[in-house]
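Observations on the model geometry
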Amino acid sequence: MKKIFYLAAAMSIVAFASCEKQGGKEDDKEAIKVTVAEDALVLHLPFEDGSVAKGEGVTFASKEGKAELVDGFIGKAYTNTSGDAKEAGYLKYNLAATNCINSLKSFTFSAWVKRPALGSGAFFSVNGGEHDWGSTFHLMFDNSGVGEDGATYQQFNARFDPLRVGEDGAKVEGNLWLNVQGPEFAKVDEWFHVARTYDAATGAWGVYADGVLTHDGVAMDGDVPFGELDFSSPTMNALYIGGWAAIIDGVNNQDWMTFFNGSVDEVRMYNRALTDQEIGQLWQQEKLINLE
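What you see is a predicted model, and the numbers here were worked out from it, not measured in a lab. (Residues numbered from 1 in each chain as written. Predicted model: local features only at pLDDT ≥ 70, side-chain atom pairs only at ≥ 80, totals over all residues. Heavy atoms only, no water.)

Here we take up the pairing of strand β10 (residues 121-126). Judged by how many residues are buried, β10 sits mostly within the fold: six of six residues are covered. Where β10 and strand β11 (residues 137-146) come together, five bridges link them in antiparallel fashion. The partner of G121 across the bridge, within β11, is F141. For β10 and strand β22 (residues 238-241), the ladder comprises two bridges, and the chain directions are antiparallel. By the bridge assignment for β22, S125 is matched with Y240. (Buried < 20%, exposed > 50% of the residue type's maximum accessible area, 1.4 Å probe, protein only. Helix = DSSP H or I, 4+ residues; strand = E, 2+ residues; numbered from the N terminus. Pairing = 2+ DSSP bridges.)

In this section: the confidence of the model for the chain. Low pLDDT marks stretches whose predicted atomic positions should not be read closely. Looking at the chain as a whole, the pLDDT averages 88, with 88% of positions reaching at least 70. Every residue in residues 1-29 is under pLDDT 50, and counting partners more than four places away or in other chains gives 46 contacts. (pLDDT = per-residue confidence, 0-100. Contact = heavy atoms within 4.5 Å.)

Let us now look at the side chain of R196. Checked against the element boundaries, R196 lands in strand β17 (residues 192-198). Here R196 is buried and forms no salt bridge, its nearest opposite-charge partner D142 lying at an N-O distance of 10 Å. Polar contacts involving the side chain of R196 include one to the main-chain carbonyl oxygen of F156, which spans 2.4 Å. From its side chain, R196 meets the backbone oxygen of L178 in a polar contact 2.8 Å long. With residues near it in sequence (within four places) discarded, R196 still touches F107, T108, F109, L139, F156, N157, A158, L178, N179, V180, G206 and V207. (Lys, Arg positive; Asp, Glu negative; His and termini not counted. Salt bridge = Lys/Arg side-chain N within 4 Å of Asp/Glu carboxyl O. Polar contact = N/O pair within 3.5 Å; in protein donor to acceptor, adjacent residues only side chain to side chain.)

To continue, consider the environment of Y78. In this fold, Y78 is placed in strand β7 (residues 76-80). The sequence separation of Y78 and E68 amounts to ten residues, and the corresponding C-alpha distance is 5.9 Å. A distance of 2.6 Å separates a polar side-chain atom of Y78 from the backbone oxygen of G89.

For the rest of this paragraph, the subject is the nonpolar core. Formed by 49 residues in total, the largest nonpolar core has its most connected members in F47, F124 and V264. Setting aside residues no more than four positions away along its own chain, F47 makes contact with L69, K76, A77, Y78, L91, Y93, I241, V264, D265, E266 and V267. (Core = buried A, V, L, I, M, F, W, Y, C linked by side-chain atoms within 4.5 Å.)

Turning to unusual backbone geometry, a few remarks are in order. Of note, D210 is a non-glycine position whose phi angle comes to about 50°, a positive value. With respect to the element layout, D210 can be found in the loop between β18 (204-209) and β19 (212-218). A positive phi is found at E266, a non-glycine position, where the angle reads about 50°. Its place among the elements puts E266 in strand β23 (residues 263-270). Judged by relative accessible area, E266 falls into the buried class, the value being 4%.

This is the structure in C-alpha cells:
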C-alpha cells in the first residue's frame, strides 16, 4: 500500500542527514562518503571505469553492444547509448562460485536510474537456474500507461528465483514476484532513486522512490512468510547491467525481454533490509555527493 505519511519523515531526514568528510575539501567529490549501513554493504558498482568498488566474487568482464560509461549521477554511469531498447547495450560481470549475491538471505537493492522514455527493460539481472526466465535475481521496468486518475504509471518489477525445500526435503526452484506500479517510477529525462528491501525473518518487503516508501507487503509461501532466500544456483556465473540474462545467455528469446534504454548509476546491495530511515539517508547522502 502507499505510505504517504512517510513523506514528512523523509523531509526530516533530508534536513538532518549528513555525509562524512574525508580530507576537508568542500569542493572535492571524493571527500564525501556514503556512510549508511557500511557493515551490511556487500556490492557497490559505481561504474567509474567498470571496476567493482566492493563485491566478493564479482569482477568486471566487458562492455557489450552500445553500452558506454558516460557522465552519470555521480561521476560515470552505465548507459545504453543506442536510444533503443531493442538494441543490445549492457555490462557483464563474472561471478565466482562463491559471491556476494548467492549468499544473500535478506537484501536491499539501491540504484539511480534515468531514461529518455517510458517502457520495458531489464537493468539488473543475475543468471542461473533451470527455468526459462534464466535468472535468479532480476529487476526491470515493465508496462506503462495512464490510470483512471489521469496519472502516468510505470511498473517496477522484481522476480526472484531462490531454491526452496520441497516436500521430500530436496531443494527445488521457487519464485517470488514483487511487482508494483505508480507515477513515482514514470519519470523521464531525470535521475531518480529506486530501492527494494526484503527481510527474511518476517517476509516483509518494501519499495522506495527518491527515499520514500511507496509500496510494502509480506511475501508468503502458502500460509507462512517466504523466509530466507537461497540463491545458491550452481549455474549462476554472471551479472548483467542493462539486459536480461535469459536473452544474453540464450535461455530465452522472447521479443518483450528488452534491453534497458537509459542509464544506471551507483548500484548498491546490502545483506539485510535497510530501515525506512536508512533508505532516506542513503538517498540524501548520494544526492549531496551529486551536488558537490
